[in-house]
Amino acid sequence: MTKRDVHLESLREVLGITVDAEMLNLALTHRSYAYEHGGIAHNERLEFLGDSVLGIIITDTLYRTYPDLPEGQLAKLRAAVVNARALAEVARTLGLGDFLLLGRGEETTGGRDKLSILADAMEAVIGAVYLSTGQSEAASLVHRLFDPLISASAELGAGLDWKTSLQEASSNAGLGLPEYQVEDSGLDHEKEFDARVLVSGEALGFGHGRSKKVAEQEAAEQAYRALLERGLVG
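Predicted model only: the values in this text are computed from it and were never measured.

## Let's talk about the pattern of salt bridges
Here comes step 1: Considering all chains together, one arrives at 15 salt bridges under this definition.
Here comes step 2: For glutamate 221, the salt bridge is made with arginine 225, and the minimal N-O distance between the two is 3.0 Å. Of this pair, glutamate 221 and arginine 225 both sit in helix H11 (residues 212–229), 4 residues apart, roughly one helical turn.
Here comes step 3: You can call glutamate 221 buried: its relative accessible area is 10%.
Here comes step 4: The structure contains a network of salt bridges with shared partners spanning Glu47, Asp120 and Arg210.

## Some details on the domain arrangement of the protein
Here comes step 1: When cut into domains, the protein gives domain 1 (1–157) and domain 2 (160–228).
Here comes step 2: When each unit is reduced to the centre of its C-alpha atoms, the spacing between domain 1 and domain 2 is 25 Å.
Here comes step 3: Taken together, the contacts link 15 residues of domain 1 with 12 residues of domain 2.
Here comes step 4: Linking domain 1 to domain 2 there are 3 salt bridges.
Here comes step 5: Elements supplying a minimum of two residues to the side of domain 1 that touches domain 2: helix H5 (71–82), helix H6 (84–94) and helix H8 (115–133).

## Topic: the side chain of serine 170
Here comes step 1: Within the secondary structure, serine 170 sits in helix H10 (residues 162–172).
Here comes step 2: Sequence-distant contacts of serine 170, defined by excluding residues within four places in its chain, comprise Leu175, Gly176, Leu177, Pro178, Val199 and Leu227.

## A look at the packing of aromatic side chains
Here comes step 1: Counting across every chain of the model gives 1 aromatic pair.
Here comes step 2: Over the face of the ring belonging to tyrosine 180 we find lysine 163, whose NZ or CZ atom lies 4.6 Å from the ring centre.

## Concerning the environment of asparagine 43
Here comes step 1: Relative to the helices and strands, asparagine 43 is located in the loop between helix H3 (31–36) and helix H4 (44–65).
Here comes step 2: Judged by its relative accessible area of 4%, asparagine 43 is buried.
Here comes step 3: Residues asparagine 43 and serine 136, 93 residues apart in the sequence, show an inter-C-alpha distance of 22 Å.
Here comes step 4: Residues within four places of asparagine 43 in sequence aside, it is in contact with Leu26, Ala27, Thr29, His30, Ala121 and Ala124.
Here comes step 5: A polar side-chain atom of asparagine 43 sits 3.0 Å from the main-chain carbonyl oxygen of alanine 27.

## Quick word on the UniProt feature "domain: DRBM" (unreviewed entry) in the protein
Here comes step 1: Per the UniProt entry, the sites bearing "domain: DRBM" (unreviewed entry) are residues 161–229 in this numbering.
Here comes step 2: Along residues 161–229, the helical share is 42% and the strand share 33%, with 19 Å between the first and last C-alpha atoms.

Parameters and conventions
- Residues numbered from 1 in each chain as written.
- Predicted model: local features only at pLDDT ≥ 70, side-chain atom pairs only at ≥ 80, totals over all residues.
- Heavy atoms only, no water.
- Salt bridge = Lys/Arg side-chain N within 4 Å of Asp/Glu carboxyl O.
- Helix = DSSP H or I, 4+ residues; strand = E, 2+ residues; numbered from the N terminus.
- Buried < 20%, exposed > 50% of the residue type's maximum accessible area, 1.4 Å probe, protein only.
- Domains from an automatic or database assignment.
- Contact = heavy atoms within 4.5 Å.
- Phe/Tyr/Trp six-rings, centres within 6.5 Å; stacked < 30°, edge-to-face > 60°.
- Lys NZ or Arg CZ within 6 Å of the ring centre and 35° of its normal.
- Polar contact = N/O pair within 3.5 Å; in protein donor to acceptor, adjacent residues only side chain to side chain.
- UniProt positions renumbered as here; feature names shortened; annotations may be inferred.

Right under this line is the structure:
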């Protein structure tokens with residue numbers, strides 16, 4: 001057994017599932033590492049699969065748990081649970097960053113704690129569990145990791161749509177409408193977005209994500225919490 005195998009075994013114990021070691025290793029292989037090692041396989045296909053597996057399990061759970069919620073509220077609740085920030089936080093609870101295979105560039109620029117990399121890896125791990133052990137085990141893992149987020153999000157009305165909540169809070173406090181400023185970077189097929197939101201001319205929130213929407217929602221959440229701390233949210 002190699003040193004890497006021993007390392008992965010500790011992650012399998014944290015996951016509580018006997019997922020195939022080779023599949024798990026693939027889920028943790030970032031494209032930057034793959035490119036530096038002769039173009040070997042990386043985790044983006046597993047990420048694609050895991051995104052869908054996570055989505056259907058969360059959607060099914062919400063549909064059954066909240067029979068009285070309309071479609072719009074269910075969609076907002078799902079978005080609050082499966083967004084990149086939530087995925088990255090779950091990944092951090094597992095210590096997933098310690099197990100990633102990264103290229104030198106990502107390694108030296110804090111890639112092990114980068115939101116987008118952790119979120120992608122979390123989805124890839126779910127995809128690996130699904131392929132390796134089946135839907136039942138994948139559902140069990142998702143419930144164990146994400147059910148607390150579902151409960152917390154359901155209790156936090158503002159969190160279902162931070163932009164709307166911030167706009168309402170800002171207007172009610174007499175501060176006018178929030179202003180969003182967004183910049184993008186990267187190649188067309190792998191763009192990332194940085195957003196900041198100004199409330200009455202003051203930058204109160206910053207966000208980052210693989211879509212403009214994700215970045216703006218994260219910035220809006222920070223700004224909303226800033227207003228809350230100042231006692232400006234009714």
